[in-house]
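This is what each chain is made of:
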Amino acid sequence: MSRQPPTRRHLAALGMATLAAGGLADAPSTRPKVVLTTALGPITLELASDRAPIGAANFLAYVDRKRLDGASFYRAMKLSPAPPIGLAQGGLQGDPAKVLAPIAHEPTTRTGLSHVDGAISYARYAPGTATCDFFICVGAIPSLDADPSQGGDNQGFAVFGRVVDGMDAVRRILAAPISPDRGVGVMKGQMLDPTIAIISARRA
């Protein structure tokens, strides 16, 4: 399973960043779109193929090969209840039959993107280990961006698009029941129970 975003330090860094400030609002019409049909409603994504070409192409490879059909949202990290802030994480959870090779890391310092409300980004271990597991931000979480001023692994997570329709479904996923006992490490107490099915993923 991919390395997960840290938990407590986010709250101090939460800001009211806009889509424009995150570089996600100036999307040209040629950007590809994908509809995730989930058990709680459809979510339409716009992939930033111009700014994050590696991440966008990787996601489309899973979509075009129908490898996300039958995947699930399995984690809800709830940082604040009102307004709701957190992330909904989904994917294949390392299913070896469907997972493609890891991709090169595209930090936000390179792409100009940011973890704003509705951003979709890759979960990972070390930089360059992301495959298909992803998360969608509810509210701005700029602490997930790359920050070269920090020590250690300061490369952040790789935003590759945004939700353009269906944030109501994402918020329902974030609000879904979780198990207090399931999960390991930072994920303990954040695992959805039951998981939310991704019925299909198709280009719009």
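Thresholds, definitions, all that
- Residues numbered from 1 in each chain as written.
- Predicted model: local features only at pLDDT ≥ 70, side-chain atom pairs only at ≥ 80, totals over all residues.
- Heavy atoms only, no water.
- Core = buried A, V, L, I, M, F, W, Y, C linked by side-chain atoms within 4.5 Å.
- Buried < 20%, exposed > 50% of the residue type's maximum accessible area, 1.4 Å probe, protein only.
- Helix = DSSP H or I, 4+ residues; strand = E, 2+ residues; numbered from the N terminus.
- Contact = heavy atoms within 4.5 Å.
- pLDDT = per-residue confidence, 0-100.
- Phe/Tyr/Trp six-rings, centres within 6.5 Å; stacked < 30°, edge-to-face > 60°.
- Lys NZ or Arg CZ within 6 Å of the ring centre and 35° of its normal.

A.B. asks: Which residues make up the nonpolar core, and what are the values?
C.D. replies: Ranked by internal contacts, the top residues of the largest apolar core, which has 44 residues, are L36, I43, L45, F59, F73, F134 and I136. With 6 residues, the single largest contributor to this core is helix α2 (residues 53–64). In this structure I136 touches I43, L45, F73, G86, L87, A88, G118, A119, I120, V163, M167 and V170, once residues within four positions along its chain are discounted. With 10 residues, the next largest nonpolar core counts I85, A123, F135 and F157 among its residues.

A.B. asks: How would you explain the confidence of the model for the protein if you had to name every residue and give the values?
C.D. replies: Here the protein averages 89 in pLDDT, while 86% of its residues score no lower than 70. Confidence drops under pLDDT 50 across residues 7–23; counting only partners more than four residues distant or on other chains, this segment forms 37 contacts.

A.B. asks: How would you sum up the packing of aromatic side chains? Please name residues and give values.
C.D. replies: In the structure shown here, the tally under the stated rule is 5 aromatic pairs. Consider the rings of F59 and F134, whose centres lie 5.7 Å apart with planes at 85°: the pair is edge-to-face. Residue F59 is found in helix α2, and its partner F134 is found in strand β6 (residues 134–138); the two are separated by 75 residues along the sequence. F59 gets classed as buried once you look at its relative accessible area, which sits at 1%. On the basis of relative accessible area, F134 is assigned to the buried category, the value being 0%. Aromatic side chains F73 and F134 sit 5.6 Å apart centroid to centroid with 85° between the ring planes, which places their arrangement in the edge-to-face category. Residue F73 is found in strand β3 (residues 72–81), and its partner F134 is found in strand β6; the two are separated by 61 residues along the sequence. Residue F73 shares its accessibility class with F134, and that shared class is buried. For R124, the ring lying beneath its charged end belongs to F157, and the centroid distance is 5.1 Å.

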